[in-house]
Amino acid sequence: DRLRPETGEDRGADGVTVTIDSTLGRDWIDAYCAITGVPGSRRAALAGILSAIAPTALYGAARVDGVIVATALTVIDRGHAGLFDVGTRADLRGRGLAGRVIGALLSRAATLGAGAAYLQVGAANAPALSLYTHLGFRMAYPYHYRRKVL
């Protein structure tokens, strides 16, 4: 299945459609929030942050019967494509949907000048680590978060 650049859409034989949009749509943000559990009270703030991304941003989605069931975002900057906000609806995980969305985004990013891609993933997220390894990513370095309660 090849992404049709004129429409930003790829319909697979299995009925899954992968789309790429250059603007943040309400359906994308709603689906992302539902998939990842972002509470409704934070939806507007998240939409504001994503809408304010200055470099080229592409919003990818896998749809089944028109409903978004997987999401991913790539930001293209200085020859690199950063992958963010990857998620698949829980009942459809393990079917390659996120991989198809990421593949479409990286193909489009390459046409826009990206020569390399990067992402961050939690070390305990075995399914994501497996997917990213399968897609050719390798660990560059470990990281961790620190916080201070005020």
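What you are looking at is a predicted structure, and each value in this text was computed from that prediction instead of being measured.

Calculation criteria
Residues numbered from 1 in each chain as written. Predicted model: local features only at pLDDT ≥ 70, side-chain atom pairs only at ≥ 80, totals over all residues. Heavy atoms only, no water. Helix = DSSP H or I, 4+ residues; strand = E, 2+ residues; numbered from the N terminus. Rg over C-alpha atoms; globule rule 2.2 N^0.38 Å. Contact = heavy atoms within 4.5 Å. Lys, Arg positive; Asp, Glu negative; His and termini not counted. Charge placed at Lys NZ, Arg CZ, Asp CG, Glu CD. Core = buried A, V, L, I, M, F, W, Y, C linked by side-chain atoms within 4.5 Å. Buried < 20%, exposed > 50% of the residue type's maximum accessible area, 1.4 Å probe, protein only. Axes fitted to C-alpha atoms, helices over the stretch in contact; angles between N-to-C directions. Parallel < 35°, antiparallel > 145°, perpendicular 65-115°, else oblique. Left-handed = near helix turned anticlockwise from the far one by under 90°. Nonpolar A, V, L, I, M, F, W, Y, C, P; charged D, E, K, R; others polar. pLDDT = per-residue confidence, 0-100.

We now examine the overall build of the protein chain. Looking only at helices and strands, one finds four helices and six strands in the protein chain. From first element to last, N terminus to C terminus, the protein chain shows the α and β order β-β-α-α-β-β-β-α-β-α. A compact globule built from 150 residues would reach a C-alpha radius of gyration of about 15 Å, and the protein chain, at 15 Å, matches this within 12%. Seen along its three principal axes, the alpha-carbon backbone of the protein chain occupies a region of about 50 × 35 × 30 Å. Counted over contacts in the protein chain with a minimum sequence separation of 6, partners at least 24 positions apart contribute 52%. Taking the 17 positively charged and 12 negatively charged side chains of the protein chain as two groups, their mean positions are separated by 10 Å.

The subject of this paragraph is the nonpolar core. If you look at the biggest cluster of nonpolar residues, it comprises 23 residues, and the most contacted ones within it are Ala62, Leu97, Val101, Leu105 and Tyr132. Of all the secondary structure elements, the ones that give two or more residues to this core are strand E2 (16–21), strand E3 (56–64), strand E4 (67–77), strand E5 (80–88), helix H3 (97–111) and helix H4 (126–134). When neighbours within four sequence positions are excluded, leucine 97 is seen to be in contact with Val16, Ala62, Val69, Ala70, Thr88 and Leu92. Ala31, Ala47, Leu50 and Tyr59 belong to the second largest nonpolar core, which has 14 residues in total.

With that settled, the discussion passes to the side chain of threonine 88. Here threonine 88 is to be found in strand E5. Not counting residues within four places of it along the chain, the set of residues in contact with threonine 88 comprises Ile35, Val69, Ala70, Arg93, Leu97 and Ala98.

Once that is clear, we can look at the packing of helix H1 (residues 26–36) against helix H2 (residues 40–51). Closest axis-to-axis distance for the H1/H2 pair is 11 Å, and the angle between their directions is 125 degrees. Between H1 and H2, the crossing angle belongs to the class labelled oblique. Seen along the crossing, H1 lies across H2 with a hand that is right-handed. For the pair H1 and H2, contact is made by Arg26, Trp28, Ile29, Asp30, Tyr32 and Cys33 and by Arg43, Leu46, Ala47 and Leu50, respectively. For the contact of H1 with H2, the residue count by class is seven nonpolar, no polar and three charged.

With that settled, consider unusual backbone geometry. Look at aspartate 65: it is not a glycine, yet its phi comes out positive at around 50 degrees. In this fold, aspartate 65 is placed in the loop between E3 and E4. Its identity is not glycine, yet aspartate 85 carries a phi of approximately 55 degrees, on the positive side.

This next bit is on the confidence of the model for the protein chain. Taken as a whole, the protein chain shows an average pLDDT of 90; of its residues, 91% reach a score of 70 or greater. When pLDDT is averaged over each helix and strand of the protein chain, the minimum, 64, is found for strand E1 (residues 9–11) and the maximum, 97, for E4. The low-confidence segment residues 1–7 (pLDDT under 50) makes 17 contacts with residues lying over four places distant or belonging to another chain.

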